[in-house]
Amino acid sequence: MLPAETLALLAAELADADRTRSVIPRITGRYDATVEDSYAIQAIWRDRSVAAGRRLVGRKIGLTSKAMQAATGITEPDYGVIFHDTVWENGAVIPFDRFSNVRVEVELAFLLSAPLSGPGCTIFDVLRATEYVVPAVEILNSHIELGGRTIVDTIADNAGYGGLVLGGTPVRPDAIDLRWVAALLYRNETIEETGVAAGVLNHPAAGVAWLANKLHQHDTTLGAGELILAGSFTRPVWVSQNDTILCDYGPLGTISCRFQ
């Protein structure tokens, strides 16, 4: 792994980029960094954020669908953390200048009622541990230059997570076939993307199971009450200032927000 002082320096660079809404050069263009290095950088940034008073309320899973892997050129999932001050309600007006390289994705979020841990976590374990599933729109926020980036760069940057908007109708995980949840994503009244939740590893709960098993490798578990973004089943859609986003999940309702 990279020296501890280098990991700490890179975490500080990313924190500064977040404060200034700027972009830093690729980590992989400057260092021979590994996936474990990138999760270590993310962990340093996370711990410093918690020490500064931010509250961790969940995790995000990224790059779980073929659509997202094709859009990024990255071929394996990753994860990041969700803080309390990055969650918005349906209909929110969101400050565009809070983010860099702003894009949105269509997802389902799982609220856990019981802990989940690996190894060997399955879809059935996830469904048993889930209180409800709710539509969500994720806001991507990239502080590392996009050209040529690898999964190492993305993970260090909190897996590209910036925020999320929750809305629509929460449902029990056994109330519907979650694979067939579909969504239409509009930007300024124009449809940009469509998708079906089975695009996430064949079942959106499979993403949560992957996360529980991955966290076991990092001596961590998922706790009751955590909100888990299971991964996008559309490609990301770029957003500009004053854009309005609407995501229609059919029977599960709609999510809307505006970037001001």
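The text that follows walks through the structure, step by step, so that each part is easy to find. (Residues numbered from 1 in each chain as written. Predicted model: local features only at pLDDT ≥ 70, side-chain atom pairs only at ≥ 80, totals over all residues. Heavy atoms only, no water.)

A closer look at the overall build of the chain
Moving on, step 1. Per the secondary structure count, the chain includes six helices and 13 strands.
Moving on, step 2. At 17 Å, the chain has a C-alpha radius of gyration in line with the 18 Å of a compact globule built from 260 residues.
Moving on, step 3. Projected onto its principal axes, the C-alpha positions of the chain cover 50 × 45 × 35 Å.
Moving on, step 4. Out of the 260 residues in the chain, the part that is buried amounts to 52%.
Moving on, step 5. Look at the contacts in the chain between residues 6 or more apart in sequence, and 77% of them connect residues 24 or more apart.
Moving on, step 6. Of the roughly 10700 Å² that the chain leaves accessible, carbon and sulfur atoms contribute 52%.
Moving on, step 7. Charged side chains in the chain number 21 positive and 30 negative. The centres of these two groups are separated by 1 Å. (Helix = DSSP H or I, 4+ residues; strand = E, 2+ residues; numbered from the N terminus. Rg over C-alpha atoms; globule rule 2.2 N^0.38 Å. Buried < 20%, exposed > 50% of the residue type's maximum accessible area, 1.4 Å probe, protein only. Contact = heavy atoms within 4.5 Å. Areas by Shrake-Rupley, 256 points an atom, 1.4 Å probe, with all protein chains shown as cover. Lys, Arg positive; Asp, Glu negative; His and termini not counted. Charge placed at Lys NZ, Arg CZ, Asp CG, Glu CD.)

Thoughts on the packing of aromatic side chains
Moving on, step 1. Inspection of every chain in the model, using the stated rule, returns three aromatic pairs.
Moving on, step 2. Aromatic side chains W45 and F83 sit 5.7 Å apart centroid to centroid with 65 degrees between the ring planes, which places their arrangement in the edge-to-face category. Placement of the pair is W45 in helix α2 (residues 35-51) and F83 in strand β2 (residues 78-83), with a sequence separation of 38 residues. Grouping residues by exposure puts W45 and F83 together as buried.
Moving on, step 3. Ring centres 6.1 Å apart and planes at 65 degrees place the aromatic pair W88 and F99 in the edge-to-face group. (Phe/Tyr/Trp six-rings, centres within 6.5 Å; stacked < 30°, edge-to-face > 60°.)

Such coordinate-based values are descriptive only and should not be taken to indicate function.
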